[in-house]
Amino acid sequence: MTTRLTPAVAADRTGVSLDTLRYYEREGLIGPIQRSSGGRREYTEEDVFWIGLVTCFREAGLGIADLRDFVAILRADHSAQDRVAFLRERRAALEQRVAALSRAMAVLDDKITYYS
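The rules we used
- Residues numbered from 1 in each chain as written.
- Predicted model: local features only at pLDDT ≥ 70, side-chain atom pairs only at ≥ 80, totals over all residues.
- Heavy atoms only, no water.
- Helix = DSSP H or I, 4+ residues; strand = E, 2+ residues; numbered from the N terminus.
- Rg over C-alpha atoms; globule rule 2.2 N^0.38 Å.
- Areas by Shrake-Rupley, 256 points an atom, 1.4 Å probe, with all protein chains shown as cover.
- Buried < 20%, exposed > 50% of the residue type's maximum accessible area, 1.4 Å probe, protein only.
- Arc of directions from axis to C-beta.
- Contact = heavy atoms within 4.5 Å.
- Core = buried A, V, L, I, M, F, W, Y, C linked by side-chain atoms within 4.5 Å.
- Salt bridge = Lys/Arg side-chain N within 4 Å of Asp/Glu carboxyl O.

The secondary structure content of the protein amounts to five helices and two strands. Computed over the C-alpha atoms, the radius of gyration of the protein is 19 Å, more than 25% above the 13 Å expected from 2.2 N^0.38 for a compact globule of 116 residues. When the backbone C-alpha atoms are referred to their principal axes, the protein occupies close to 65 × 40 × 25 Å. Put simply, the protein shows about 8100 Å² of open surface, and 54% of that area lies on carbon and sulfur atoms.

Time to look at unusual backbone geometry. The linkage connecting G31 with the following residue, P32, adopts the cis geometry, with an omega of 10°. Examined against the element boundaries, P32 turns out to sit in the loop between α2 (18-26) and β1 (34-35).

For the α-helix, the turn length of 3.6 residues means that residues three or four positions removed from each other point alike. Taken as a whole, helix α1 (residues 7-14) has its buried residues at P7, A10, A11 and T14. Projection of α1 onto a plane perpendicular to its axis shows the buried side chains occupying an angular sector of 100°, all on one side. Residues of α1 that are buried make contact with α2, β2 (41-42) and α3 (45-59). Residue G15 follows α1 closely and has a positive phi angle near 75°.

We now examine the nonpolar core. Grouped together as the largest cluster of nonpolar side chains are 21 residues, with contacts concentrated most on L21, L29, I30, Y43, I51, V54 and L67. If one sorts the elements of this core by residue count, helix α4 (residues 64-75) sits on top with five residues. Beyond its immediate chain neighbours, meaning those up to four positions away, L67 contacts L29, V54, F57, R58 and L62.

With that out of the way, let us pick up the pattern of salt bridges. Summed over all chains, the structure comprises seven salt bridges. Its salt-bridge partner being R68, residue E27 comes within 2.4 Å of it at the nearest N-O pair. One end of the pair, E27, is in the loop between α2 and β1; the other, R68, is in helix α4, and 41 residues separate them in sequence. Between R90 and E89 there is a salt bridge whose closest N-O contact spans 3.0 Å.

On to α2, then. Turning to α2, its buried residues are L21, Y24 and E25. Angularly, the buried residues of α2 cover 100° about the axis, an arc narrow enough to put them on a single face. Among the exposed residues of α2, those pointing more than 90 degrees away from its buried face are D19 and R26. Next to the buried residues of α2 lie α1, β1, β2 and α3. Once α2 ends, the next one or two residues include G28, with phi positive near 80°.

This part takes up the side chain of T44. With respect to the element layout, T44 can be found in the loop between β2 and α3. For T44, a relative accessible area of 13% puts it in the buried group. Among residues more than four places away in sequence, those in contact with T44 are T2, T3 and R4.

Here it is, written out as structure tokens:
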């Protein structure tokens, strides 16, 4: 039997709000989420995994449009190479952001040292 989680438990386990869960579902980034006979959302462990993946990608700077594209690649009959190419492009952009943040931190460190 599959364990079903309430929205509150799923939100707690993934660290996102209930509004965010509903937003991800509405945008097609997760789900479709199963519902109880009373119409209440019931999340599975697989749903929790996907929510974690989407959250990680959001934290990495991917926008909703990027996430929709990636979900479409996963759900359609695309090759592994298409998936890897998508992820490599986003990783390269993330590397550029990390480098920019590192430069900014170095400037801040210099100013902290200067004013100390």
